[in-house]
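Structural characterization, general
Listed here are the chains, written in short residue letters.
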Amino acid sequence: MAPVRLIVLHYHLRPGGIRRIIELGTPHIVRDSGLPIRHVTLAAGQPADDQWHENFKSHLAGVSVDCFIEPAFNYFTEQRRQPRELVKRIRAALHQLLDDAGETLVWAHNLGIARNALLADELARACAARGIPLVAHHHDWWFDNRWLRWPELRRCGLRTLSAAARVVLPGGDSVRHVAINHADAAALQRHFGPRAGWLPNLTEHATLPSRAAVRRARAWLRTRLDGRDVPVWLLPCRLLRRKNVAEALLLTRWLRPDAWLVTTGSASSEDEQAYFERLSAAAREHHWRLRLAVLAGNGRNAPSVAELLGASEAALLTSIQEGFGLPYLEAAAAQRPLVARALPIIAPDLAKFGFRFPQLYNDVRVSPTLFDWDAEVKRQSKLFDAWLRQLPQACRPFAGTPFVLAAHTPTPVPFSRLTLTAQ
């Protein structure tokens, strides 16, 4: 069999979940796919730092690695060109990336979240025209509580739900759709049959960091907490709204008042920056024991996530939505207690894998006396009305009513169902 080139494509290589999945999963694909993969190309709209690249290459001994960076591959919301010009840039870049590549396999991440629908469309067309197999690895979906993407899709020229579906879930013999949990995989298989399947996020064999590495991580954490040797509860995530960081802070303050809540990642896109800045400002104003983005910009001397977990007393995962949730596995590998939401799409897979997390919870309900109920009703009414107006007309009857608006009278409410202001 001729040598195969593996192209790993994502919108960017910033710190975060997908980059971590690429880092952990590529060695498995190279080693266990049965294909003679001799070359790996990382294709993205923004590169990673040099240290990450060196670490990535070190796990692929005997395989050459290069990068193909084209800014037009990045999120559509971060583009400055008009859609028509952007399509030309993407098309030209894919021509350069895919032509004369020999035997090639493309492993594309998260096309289903539609952060650049023009890229998803052109990639499927380019692969089909050249007979190149395309594995679309879906971690999340734009239509799954992410309807803010709909106006963005319309700006890309996708005026109907059918048109959007054809772009993020293309057909054709060269495409294989895989999901990271069984629930999504089953839905894909109903429509794509044998051309769809389940491919979970691949990870390393569980190896505990050395005691020396944990000591170094603990000392490093002290320098980030003004020299204080205090208990640390770690939330390994970047600063997305759906990560529900305020709930992690609430749980930490209730369960371990002396502990500091520490998050690993920062905001990695313009969309996330406002959330990060509001949390940071509130933490400074109220003197909360909260340290955000401890790993952001800390270079070669920073510990790994595994080492930080080893140096922490406990881990948290308060997300209101995940496709897989690496922290479940990372906390288990680090042998640290995990206080986490039992997400219904993930919990069955975890149980099937044999994981048991005694500290899982469904919701944290708070008394309406702890916030201004009437003000929150007004906020949510305004936000909900604006959200409904931007939905496709056909979808509006299916929109559920937010908990606070459906309650009519003050009642204990899940903390995660509050606006950030009320939280």
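Refer to the structure presented above.
Residues numbered from 1 in each chain as written. Predicted model: local features only at pLDDT ≥ 70, side-chain atom pairs only at ≥ 80, totals over all residues. Heavy atoms only, no water.

**Points about the packing of aromatic side chains**
Pairs of aromatic rings are described using the distance from one ring centre to the other and the angle between the two planes. Rules: Pairing of aromatic rings covers Phe, Tyr and Trp, the last counted by its six-membered ring, and requires centre-to-centre distances within 6.5 Å; plane angles under 30 degrees mean stacked, over 60 mean edge-to-face, and any other angle means tilted. For helices the rule is a DSSP run of H or I covering at least 4 residues; for strands it is a run of E covering at least 2, with both sets numbered from the N terminus onward. Working definition: with a 1.4 Å probe on protein chains only, accessible area under 20% of the residue-type maximum means buried, over 50% means exposed, and in between means partly exposed. Comment: the charge-over-ring label is applied if NZ (Lys) or CZ (Arg) is within 6 Å of the ring centre and within 35 degrees of the ring normal.
The tally for this structure, following the rule as stated, stands at twelve aromatic pairs. When the ring of Y328 is compared with that of F357, the centres are 5.7 Å apart and the planes differ by 50°; the resulting orientation is tilted. Highlighted residues: Y328 in helix α12 (residues 326-334) and F357 in the loop between α13 (347-353) and β13 (360-361), separated in sequence by 29 residues. Residue Y328 shares its accessibility class with F357, and that shared class is buried. Chaining the aromatic ring pairs together yields one cluster made of W141, W142, F143, W147 and W150. The ring of Y75 carries R115 above its face, with NZ or CZ at 3.8 Å from the centroid.

**Comments concerning empty space enclosed by the protein**
Under the convention used in this document: With a 1 Å grid laid over protein atoms only, a set of points is called a cavity when a 1.4 Å probe fits there but cannot get out and a pocket when it is open yet has protein on both sides within 12 Å along at least five of seven lines; lining residues have an atom within 4 Å of a point. Grid points are joined across faces, edges and corners, and a volume is the space filled by probe spheres set on the points. When residues are sorted by character, Ala, Val, Leu, Ile, Met, Phe, Trp, Tyr, Cys and Pro go into the nonpolar class, Asp, Glu, Lys and Arg into the charged class, and all the rest, Gly among them, into the polar class.
One pass over the structure, following the stated rule, counts two cavities of 30 Å³ or more. Volume-wise, the largest cavity comes out at about 40 Å³. Every residue lining the largest cavity is listed: I180, N181, G323, F324, L329, I346, D349, L350 and F353. Here the lining of the largest cavity gets three residues from one element, more than from any other, and that element is α13. Taken together, the residues of the lining of the largest cavity break down into six nonpolar, two polar and one charged.

**Notes on helix α7 (residues 182-192)**
Using the following cut-off: Summarising the geometry, the arc corresponds to the directions from the helix axis toward the C-beta atoms. Any pair of residues with heavy atoms lying within 4.5 Å of one another is described as a contacting pair. Here a polar contact means two N or O atoms within 3.5 Å. Within protein one must be a hydrogen donor candidate and the other an acceptor candidate, and residues neighboring in sequence count only if both atoms are side-chain atoms.
Buried within α7 we find D184, A185, L188 and F192. Axial view of α7: buried residues confined to an arc of 100°, hence all on one face. Contact partners of the buried residues in α7: β5 (134-138), β6 (175-179) and β7 (196-198). The residue sitting at the N-terminus of α7 and contributing the capping side-chain oxygen is N181; that oxygen lies 3.3 Å from the backbone nitrogen of A183. Just downstream of α7, G193 is the residue with a positive phi angle, here 55°.

**Description of the pattern of salt bridges**
Which entries qualify depends on this criterion: By salt bridge we mean one thing: a side-chain nitrogen of Lys or Arg within 4 Å of a carboxyl oxygen of Asp or Glu.
Here the structure, examined in full by the defined rule, presents 21 salt bridges. Between E330 and R20 there is a salt bridge, with the nearest N and O atoms lying 3.8 Å from each other. Taken together, the residues span a long stretch of sequence, with E330 in helix α12 and R20 in helix α1 (residues 17-32) at a distance of 310 residues. By relative accessible area, which is 23% here, R20 ends up partly exposed. The closest approach of N and O atoms between R379 and E376, which form a salt bridge, is 2.8 Å. Note that R379 and E376 are positioned in helix α14 (residues 373-390) at a spacing of three residues, about one turn of the helix.

**Remarks on the sheet that holds strand β11 (residues 314-317)**
Here is the rule we go by: One requirement defines pairing of two strands: DSSP has to find at least two bridges between them. Geometry is summarised by axes, namely lines fitted to C-alpha atoms with helices restricted to the contacting stretch, and by angles between N-to-C directions that run from 0 to 180 degrees.
Read across the sheet, six strands follow the order β10-β9-β8-β11-β12-β13 without closing on themselves; strand pairing throughout is parallel. On the outer flanks of this sheet lie β10 (290-291) and β13, each paired with one strand and no other. Across three bridges, β11 lies against strand β12 (residues 338-341) in parallel orientation. Bridging across to β12, A315 finds its partner in L338. Contacts from helix α9 (residues 245-255) reach β8 (232-235), β9 (260-263), β10, β11, β12 and β13 within the one sheet, and its direction differs from that of β9 by about 155°.

Honestly, it's all geometry; don't read function into it.
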